[in-house]
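Observations on chain architecture
Each chain, letter by letter, is given below.
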Amino acid sequence: QVSINGLETEYTSDTNPFVYSSQWVISSIFPRNSPSIGGTTITFFGPYFHDSTSLMCKFGNLFATKVQRVSAQQVLCRAPSVNIHQRINVSITVDGSTWSVPSNATEMEYFGVRNLMLFGENEYGQLGFSKVGPRMFSGSMCAGGLYSRFDCTVDADCPAGICLEQNKDLNYEPVFLRELFARNVTGISMGQTHTMIIASETYSDEWGSVPRRGLVYIWGDNLVGQLGFGFAGDSKFEYNFSKPAPLVCSPEEIYLLDRRIDGQGVVGIPSNWPEGEWIVPACNITQDVLSEGKWLQQRIAVYNPFYYEQVVTVASGSFHSLAITESLDLYSWGWNNDGQLGMGPLELRPNIPYPTKVVYFDSKVKVKIVKISAGFAHTAAVTADGELYTWGNNRYGQLGLGDYVARRFPSLVTGFIDSRGAEFKVADVKCGLYHCLVQTTAGSIWSFGSNSRGQLGTCKFAPFATDNLDLDCIPEPAQDKEVVYKRNYPKKIDFMKITDYAGSLVGQPYITKFAAGAFHSLAVASPCFTPIKSMDDACPAFDFEAGDLYVWGNNKYGQLGTGSNADTKYEAVPKLITMLNTISTRCRFGETVDCVQSDDYFRIGKIVKDVAAGSWHSLVSLNQREDIGYRRSSYQVNRMFTMGNNDEGQLGHSDTTLRDIPTQIESNFVRFHHLGGNYYQSLFTLGCPPDDGNVCDGAGFCREQGVCDCYAGYRGQDCSIECDGGATTPCSGHGSPANALTIAKWRQAVILAASGHNLRRRLDDALRGWYCPGGATAAARAPSRNYAACTAACAATGASAVCVEIRLGSMTSVHLVALLDKLVTDHPNMG
């Protein structure tokens, strides 16, 4: 309070207080987190930040990549990238002094991002592990039981009691692709022999290191230029294509070529490049050329169309590739034998080995592309206005244009009109080998193309196999048999006759996710609360919290998950997989007698979230309730199931045994985000991406595998449960920062080891304990983390033996389970 004293009288005003404030005091920051790739702009708030030429921001011991004083109350700093996901203190350094409040106000988190895991065939290096073919492990592993993939020294190390010398192909189980670790994968696609993903890369700009998003990495076979390197064919060094490489080249390798100075031509420069525009963003590519029996190296300059903008979506046909940029322009490259690249009738080259813009959408119809998919030799694209265009091979009517004539340019598909004349906009499209599935904005699904195995889902009666193994069924109404084997126009798939586990009609559901394999189809659907009489009737309300799996088409290898497989097994109409049914008691509107909803957890069964299809196998991710931890608390967790052909280990179960029912992949991984597959290989992403929001309920730190490390005072798989005594009371043993770090390291090791083959070695340092061999009781003989406690237990039972240290080299499965139970007891947040 400021006052004036005059003539022994004090004059002041209660409405005009004066505030003294420290310069550079940080009152708060926003946002409070950043992905490990960095790049997030953090705003510092304070009472007064004076201007300075020596202003710097620090994130722990790292300096920000950009600093800007916006006003006297705000400073902007860009978070750098880090290698370890962590909680750190941020500060401002000015005039040689560091200003910060070492408290919650200036603490932020780096959290994990999406990572990539692959498994299955690797003949062309399509798994990206820098090696073509098998990746073998030789050593002793447990045989039999759920833990047959764990390594061992003696039989006692194995739950089933059998330790054998074995050779193991590491391609048979999901493994992290370390080349792209912590790159935040945001898009994936698989061709028959190549793989393409969208990720982020940290590079340098005028402010320092910053992640550039929307970069495409690609690897695998390049026989017809599907990798987009500017050339097609084999290389002297095959491994050059078996590890991830930036499409065309990385941002740091791009240079602006002046064609007036550099006399060499630029491969792939657009034909409509502005006349007089001499500067071209290009990459120097080294090509191996076989000439007269000798390998020679040739350098070529390739135009890079992604210099100015990022890629937001990718897709792959069998041997061609597609990408959509942030401006919603479409690019294609690779095999073009049937015009599947969409370059027009005058472009007759069998392949185009560099990304080329599909100019038809700009020059002719003036539309933007938002979704893409491709089959063996045909392509489909959805526009921002909800229209569908297709082009390429049309032998089976897979373009949906009403004929069987191939197109070398995009052509508009019409006919999404129901029996009442209602016309629908297209939301998404997925293509199999020779057929397409189309989702409308109303949630219905339509199909066209080959129906040789029932993959269109539109037969009305039970099918049977003909001599040539084509599907035969009696169409309704009567029509030409040719229409049964293939259909060249869109038709809505009827779900009306499907019943649930109780025999009740499900009604026409709302399709949320779907996938197309070579000759089979999958869909995730949310049911209508109220059964409807006709498939064209409008549903009053869908149950979008539910997710059921429907399958149809070929089931030769069990890829439908129905529990049977044979050459003659088909599902010609959608079939509900009841073992993955969302609920055991679906409560419909008006049902009050026999249907009881639980306030704690309404759904009893499994909620299917996403699907993907390889040529003859399927992947399904779902949420289910599991009792986890020492307290056996019930949590909703995300799990992965696979079924179908497994000749190359593409189901991820560490073997090559076929599965004809959905079988869970054993892992501790949670939060799957993308599923993908093609031919004999599979992939998925997992982790804690930025768009997940508050994945640990605001009370924990999410790591790259999607696992939450809870703060003191909270526990549970998602950190949503307060410790006994409230959040202000740390759970037993969890409040110690050193102990929390130990547990975090242990958990990371377990999760990593569960996807690999060397569990014992990875946990050797993290898991140790002591036990009393001569203890009179089971409790005394149980392993303890504390030597003093073990000694006390021995003394209490009068045992003469001293406590013995246990390490995994000599630990039996009984000891291990007891020790794990002890750890979970002390640290219930471990899940």
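Residues numbered from 1 in each chain as written. Predicted model: local features only at pLDDT ≥ 70, side-chain atom pairs only at ≥ 80, totals over all residues. Heavy atoms only, no water.

Here we look at the overall build of the chain
Helix and strand counts for the chain come out as 7 helices and 54 strands. Relative to its full complement of 831 residues, the chain shows a buried share of 54%. Of the contacts made within the chain by residues no fewer than 6 positions apart, 57% connect residues no fewer than 24 positions apart. Accessible surface, the chain as shown: approximately 35,800 Å² in total, 51% of it carbon and sulfur. (Helix = DSSP H or I, 4+ residues; strand = E, 2+ residues; numbered from the N terminus. Buried < 20%, exposed > 50% of the residue type's maximum accessible area, 1.4 Å probe, protein only. Contact = heavy atoms within 4.5 Å. Areas by Shrake-Rupley, 256 points an atom, 1.4 Å probe, with all protein chains shown as cover.)

Thoughts on the pattern of salt bridges
Summed over all chains, the structure comprises 8 salt bridges. Two residues, Lys357 and Asp329, come together in a salt bridge whose shortest N-O distance is 3.5 Å. Highlighted residues: Lys357 in strand E28 (residues 351-357) and Asp329 in the loop between strand E26 (320-325) and strand E27 (330-335), separated in sequence by 28 residues. By relative accessible area, which is 27% here, Lys357 ends up partly exposed. (Salt bridge = Lys/Arg side-chain N within 4 Å of Asp/Glu carboxyl O.)

Things to note about the side chain of His194
Relative to the elements of secondary structure, His194 occurs in strand E18 (residues 194-205). Here Ser321 takes part through its side chain, which lies 3.0 Å from a polar atom of the side chain of His194. (Polar contact = N/O pair within 3.5 Å; in protein donor to acceptor, adjacent residues only side chain to side chain.)

Points about the confidence of the model for the chain
Across the chain, the average pLDDT comes to 78, with 72% of residues at 70 or higher. Predicted confidence in the chain is weakest over helix H4 (residues 759-763), with a mean pLDDT of 42, and strongest over strand E31 (residues 388-392), with 98. Taken as a whole, residues 475-481 scores under 50 in pLDDT and shows 7 contacts with residues more than four places along the chain or in a different chain. Long-range and interchain partners of residues 583-604, a stretch whose pLDDT sits below 50, account for 42 contacts in this model, where long-range means more than four residues apart. (pLDDT = per-residue confidence, 0-100.)

Structural notes on the nonpolar core
In this structure, Val216, Ile218, Phe229, Leu247, Val311, Val314 and Trp333 are the most contacted members of the largest nonpolar core, which totals 26 residues. When contributions to this core are tallied by element, the ones reaching two or more residues are E18, strand E19 (208-220), strand E23 (279-291), strand E24 (294-303), strand E25 (311-316), E27 and E28. For Phe229, the residues in contact, after removing those within four places along its chain, are Ile218, Asn222, Phe241, Ala245, Pro246, Ile285, Val302 and Pro353. Of all hydrophobic cores here, the second largest spans 20 residues; its members include Phe49, Cys57, Ala79 and Tyr110. (Core = buried A, V, L, I, M, F, W, Y, C linked by side-chain atoms within 4.5 Å.)

Some remarks on the environment of Ile493
Following the sequence through the fold, Ile493 ends up in the loop between strand E38 (486-492) and strand E39 (510-516). Accessibility expressed as a relative area gives 0% for Ile493, which makes it buried. Along the backbone, Ile493 and Cys459 are 34 residues apart, and their C-alpha atoms lie at a distance of 9.3 Å.

Remarks on the state of the cysteines
For the structure shown, the criterion picks out 2 disulfides. Covalent S-S linkage joins Cys57 and Cys77, the inter-sulfur distance amounting to 1.6 Å. You can see Cys57 sitting in strand E6 (residues 56-59) and its partner Cys77 sitting in strand E9 (residues 74-78), a full 20 residues away along the chain. Cys57 sits in the buried class, given a relative accessible area of 1%. Here Cys249 pairs with Cys283 through a disulfide, and the sulfurs are 1.9 Å apart. Taking the torsion about the sulfur-sulfur bond, which here is approximately -55°, the covalent link between Cys249 and Cys283 counts as left-handed. You can see Cys249 sitting in the loop between strand E20 (245-246) and strand E21 (255-258) and its partner Cys283 sitting in strand E23, a full 34 residues away along the chain. Cys283 matches Cys249 in its accessibility class, with the two residues each being buried. (Disulfide = S-S within 2.5 Å.)

Observations regarding the layout of surface pockets
Roughly 1,100 Å³ of volume is contained in the second largest pocket. Taken together, 44 residues make up the lining of the second largest pocket; nearest its centre are Ile188, Val314, Ile372, Lys430 and Leu675. Listing elements by their share of the lining of the second largest pocket, those giving two or more residues are strand E17 (187-190), E25, strand E29 (369-374), strand E33 (426-431), E39, strand E43 (607-613) and strand E47 (672-678). Sorting elements by how many residues they give to the lining of the second largest pocket places E47 first, with 6 residues. (1 Å grid on protein atoms, 1.4 Å probe; cavity = no way out; pocket = protein on both sides within 12 Å on 5 of 7 lines; lining within 4 Å. Points joined across faces, edges and corners; volume = space filled by probe spheres on them.)

Examining empty space enclosed by the protein
The gaps of empty space that remain are located by a probe, the size of a water molecule, rolled over the atoms. The full count for this structure, using the stated rule, is 4 cavities of 30 Å³ or more. Taken as a whole, the largest cavity spans an internal volume of roughly 130 Å³. Lining of the largest cavity is provided by 15 residues; of these, Leu215, Val216, Leu247, Cys249 and Phe306 occupy positions nearest its centre. At 5 residues, the largest contribution of residues to the lining of the largest cavity is made by E19. Per-class residue counts for the lining of the largest cavity are 11 nonpolar, 3 polar and 1 charged. (Nonpolar A, V, L, I, M, F, W, Y, C, P; charged D, E, K, R; others polar.)

Comments concerning a nonpolar patch on the surface
Where nonpolar side chains cluster on the molecular surface, the patch consists of Val2, Phe18 and Tyr20 and spans about 410 Å² of accessible area. You can see Phe18 is positioned in the loop between strand E2 (9-12) and strand E3 (28-30). (Patch = residues over 30% accessible without salt bridge, like charges linked within 9 Å, V, L, I, M, F, W, Y side chains within 5 Å.)

Section: the sheet that holds strand E35 (residues 445-450)
Here 4 strands make up an open sheet; going across it, the order is E33-E34-E35-E38 and the pairing antiparallel. Edge strands, defined here as strands with exactly one partner in the open sheet, are E33 and E38. Between one strand axis and the next, the sheet turns through 10° on average, direction left out of account. Sheet topology places strand E34 (residues 435-440) next to E35; 5 bridges connect them, and they run antiparallel. The residue of E35 that forms the bridge with Cys436 is Phe448. (Pairing = 2+ DSSP bridges. Axes fitted to C-alpha atoms, helices over the stretch in contact; angles between N-to-C directions.)

Digging into the sheet that holds strand E42 (residues 570-576)
Spatially, E39-E40-E41-E42 is the arrangement adopted by the 4 strands of the open sheet, whose pairing is antiparallel. The sheet is open, and its two edges are formed by E39 and E42, each paired on a single side. With strand direction ignored, the average angle separating the axes of adjacent strands in the sheet is 15°. As paired elements, strand E40 (residues 520-526) and strand E41 (residues 548-554) share 6 bridges and run antiparallel to each other. Bridge pairing in E41 links His520 to Gly553.

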